[in-house]
Amino acid sequence: MLGLLINDKEQSELQYVIKRELEELLLDLEDHRIDKMVKQAMRERYKVIFQLYTRIASEEEIKKYIPKKVQIE
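One structure accompanies this document, and this report is about it.

### Observations regarding the pattern of salt bridges
- For the coordinates displayed, the defined rule picks out five salt bridges.
- Put simply, Glu-21 and Arg-45 hold a salt bridge, and the shortest N to O gap is 2.8 Å. Here Glu-21, found in helix H1 (residues 8-29), pairs with Arg-45, found in helix H2 (residues 36-56); they are 24 residues apart in sequence, far enough to count as distant.
- With relative accessibility at 45%, the residue Arg-45 sits in the partly exposed group.
- Taking the shortest distance from any N to any O, the salt bridge between Lys-64 and Glu-61 comes out at 3.1 Å. Residue Lys-64 and its partner Glu-61 are both found in helix H3 (residues 59-64); the two are separated by three residues, about one turn of the helix.
- What makes Lys-64 exposed here is its relative accessible area of 53%.
- Because the salt bridges share partners, they merge into one network encompassing Lys-19, Glu-61 and Lys-64.

See below:
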């Protein structure tokens, strides 16, 4: 287990960076031109990044990034 001490400004910057990455992954997962194996790797990455996001974001913000159309199981 690792710990991380950050201030409010760093937390908001970290949230911003993670949100952008989640949005990009969701868009790419909906792209029909991307190979299934690549999408599987993207789904796994989404899970890890989403778990990280849940540690620093509010519940309202987290709900926005739970995928609706794309299955992330």
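### Details of the packing of aromatic side chains
- All told, the structure shown has two aromatic pairs when counted by the stated rule.
- Consider the rings of Tyr-46 and Phe-50, whose centres lie 6.1 Å apart with planes at 10°: the pair is stacked. Linking Tyr-46 with Phe-50, this pair stays in helix H2, spanning four residues, or about one helical turn. An identical accessibility class is assigned to Tyr-46 and Phe-50; each is buried.

### Here we look at the side chain of Gln-15
- Here Gln-15 shows up in helix H1.
- In this structure, Gln-15 is in contact with Tyr-53, Ile-56, Ala-57 and Ser-58, ignoring residues within four places of it in sequence.

### Considering the environment of Lys-19
- Residue placement: Lys-19 occurs in helix H1.
- Beyond its immediate chain neighbours, meaning those up to four positions away, Lys-19 contacts Tyr-53, Glu-61 and Tyr-65.

What counts, and where the lines are drawn
Residues numbered from 1 in each chain as written. Predicted model: local features only at pLDDT ≥ 70, side-chain atom pairs only at ≥ 80, totals over all residues. Heavy atoms only, no water. Salt bridge = Lys/Arg side-chain N within 4 Å of Asp/Glu carboxyl O. Helix = DSSP H or I, 4+ residues; strand = E, 2+ residues; numbered from the N terminus. Buried < 20%, exposed > 50% of the residue type's maximum accessible area, 1.4 Å probe, protein only. Phe/Tyr/Trp six-rings, centres within 6.5 Å; stacked < 30°, edge-to-face > 60°. Contact = heavy atoms within 4.5 Å.

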